[in-house]
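Single-letter residue listing:
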Amino acid sequence: MLFLIIISQNKDNHIRMDKIVFSTDIHDCVKYVDALYLPHIFIIEGTIEFSLNDRFYSAGRGTCVIPTITKSFDFVRTDDEFKCRIMFAHLEFIDSIRMNVEYNTKGHLDLIDNPVITLFPSEMETCLHNLDEIEFRCSKPYHLYYGISVKKAFQLFVLDMYDIHSRKSDYTTIRTPSAHIIVRKFINLLESGEFKTHRQPSYYAEKLNITPGYLTETCRQTTNRNPTYWIDIYMANDIRRVLKESNMSIKQIAQLYEFQSDSYFNRYCQKVLGESPLKVRKRL
């Protein structure tokens, strides 16, 4: 079962139309994750096994899976009893309702490390109730404050997920490992948009007053990835967004990101997107 909602935003706010998709079919993940939707998968019955970013995971009844890096699931296997509810939210819509809370960077890093969250029955009930509320709000396009009501319902869902995940991960611990602090600051720089014109880890190391080698070491220690991997992830998502939403030529986009030449930009896209920018635009 698939339920697609189109959320029409006020043009005066310069927010384009976004989508929220509800589904009970795990195989929809491939299609919607590739199209820049973030899945929130709540497992009602059975188990699932999958790999994400070259790591293997298993999840069962009473868990929620949130793969924060927008790459398709690989080797998805489910048992005969598997049932789930999925809400796909477009990344731009998520960005439009992002709240300035402490969870953002640390929670993002922890979900990257492990996208599976184990829920108590009461927590699962709360999350599914929130999904029902979002779906209900999405089904009322005649509501005079439709866009706002959908956003508020979604924000309440996000805050409850933040609360659940934060308490399970003990984010309130006063003593935070120094490696996590450095990586948080590094991710904050990326989230601020620095990646658009700075793709060398040495730039971020200098901003953080550490050596490039130490930045690499702390990234690997905390996220099992080097700094270039994260820079490329942010670049890939932003390039897809620009290719999809703008009418800029490939040359103009290359200049936007300060690439030395169109050919260099094409090679970079082949590296981080797996295909040329023209093919990406056509597919999107």
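Keep in mind it's a predicted model, so treat the numbers as computed, not measured.

**Thoughts on the nonpolar core**
So, point 1. Phe186, Leu190, Tyr204, Leu215, Ile239 and Phe265 are the most contacted members of the largest nonpolar core, which has 37 residues in total.
So, point 2. Sort the elements by how many residues they give to this core and helix α9 (residues 227-245) lands first, with ten residues.
So, point 3. Those residues in contact with Leu215 that sit more than four places away from it in its chain are Ile182, Phe186, Pro201, Tyr204, Ala205, Leu208, Ile210 and Pro227.
So, point 4. In this structure, Phe93, Leu119, Phe154 and Tyr162 belong to the second largest nonpolar core, which totals 32 residues.

**Focus: the sheet that holds strand β4 (residues 47-52)**
So, point 1. The strand order across the open sheet built from three strands is β5-β4-β7, with neighbouring strands paired in antiparallel fashion. Edge positions in the sheet fall to β5 (55-60) and β7 (74-78), since each of these pairs with one other strand and no more. The average angle at which neighbouring strand axes cross in this sheet is 10°, direction not considered.
So, point 2. Summarising the sheet, β4 and β5 pair through six bridges and their orientation is antiparallel. By the bridge assignment for β5, Thr47 is matched with Gly60.

**As for the environment of Glu245**
So, point 1. Within the secondary structure, Glu245 sits in helix α9.
So, point 2. Taking the C-alpha atoms as reference, Glu245 lies 9.4 Å from Leu284; in sequence the two are 39 residues apart.

**Examining the pairing of strand β3 (residues 37-45)**
Successive side chains on a regular strand alternate, one facing one side of the sheet and the next facing the other.
So, point 1. Across the nine residues of β3, seven count as buried, placing the element largely inside the fold.
So, point 2. Of the strand pairs in this sheet, β3 and strand β8 (residues 83-90) are connected by eight bridges, and their pairing is antiparallel. Directly across from Ile41, in β8, lies its bridge partner Ile86.
So, point 3. Pairing between β3 and strand β6 (residues 63-65): two bridges, direction antiparallel. Each bridged residue has a counterpart across the sheet, and for Ile41 the counterpart in β6 is Val65.

**Focus: the confidence of the model for the protein chain**
So, point 1. Summing up the model confidence of the protein chain, the mean pLDDT is 84 and the portion of residues at 70 or higher is 85%.
So, point 2. Counting contacts from residues 4-17, a segment whose pLDDT is below 50, to residues more than four positions away or on other chains yields 33 contacts.
So, point 3. Confidence drops under pLDDT 50 across residues 171-175; counting only partners more than four residues distant or on other chains, this segment forms six contacts.

**Side note on the packing of helix α6 (residues 178-191) against helix α8 (residues 212-223)**
So, point 1. Two elements in contact, α6 and α8, have axes whose closest approach is 9 Å; the angle formed by their N-to-C orientations is 105°. Here α8 runs roughly perpendicular to α6, going by the angle between their axes. Of the residues in α8, those in contact with Ser178, Ala179, His180, Ile182, Val183 and Phe186 of α6 are Tyr214, Leu215, Thr218, Cys219, Gln221, Thr222 and Thr223.
So, point 2. Looking at the contact of α6 with α8, its residues break down into seven nonpolar, six polar and no charged.

**What about the pattern of salt bridges?**
Pairing is possible between side chains that carry opposite charge, provided their charged atoms lie close to one another.
So, point 1. All told, the structure shown has ten salt bridges when counted by the stated rule.
So, point 2. Here Glu194 ties to Lys207 by a salt bridge, and the two come within 3.7 Å at their closest N and O atoms. Of this pair, Glu194 sits in the loop between α6 and α7 (201-207) while Lys207 is found in helix α7, placing the two residues 13 residues apart along the sequence.
So, point 3. Ionic pairing is found between Lys271 and Asp232, a salt bridge with its closest N-O pair at 3.2 Å. Pair noted here: Lys271 is in helix α11 (residues 262-273) and Asp232 is in helix α9, with a separation of 39 residues, a long-range link.
So, point 4. Judged by its relative accessible area of 12%, Asp232 falls in the buried class.
So, point 5. What you see here is one network of salt bridges that share partners, running through Arg85, Asp132 and Glu135.

About the thresholds
- Residues numbered from 1 in each chain as written.
- Predicted model: local features only at pLDDT ≥ 70, side-chain atom pairs only at ≥ 80, totals over all residues.
- Heavy atoms only, no water.
- Core = buried A, V, L, I, M, F, W, Y, C linked by side-chain atoms within 4.5 Å.
- Buried < 20%, exposed > 50% of the residue type's maximum accessible area, 1.4 Å probe, protein only.
- Helix = DSSP H or I, 4+ residues; strand = E, 2+ residues; numbered from the N terminus.
- Contact = heavy atoms within 4.5 Å.
- Pairing = 2+ DSSP bridges.
- Axes fitted to C-alpha atoms, helices over the stretch in contact; angles between N-to-C directions.
- pLDDT = per-residue confidence, 0-100.
- Parallel < 35°, antiparallel > 145°, perpendicular 65-115°, else oblique.
- Nonpolar A, V, L, I, M, F, W, Y, C, P; charged D, E, K, R; others polar.
- Salt bridge = Lys/Arg side-chain N within 4 Å of Asp/Glu carboxyl O.

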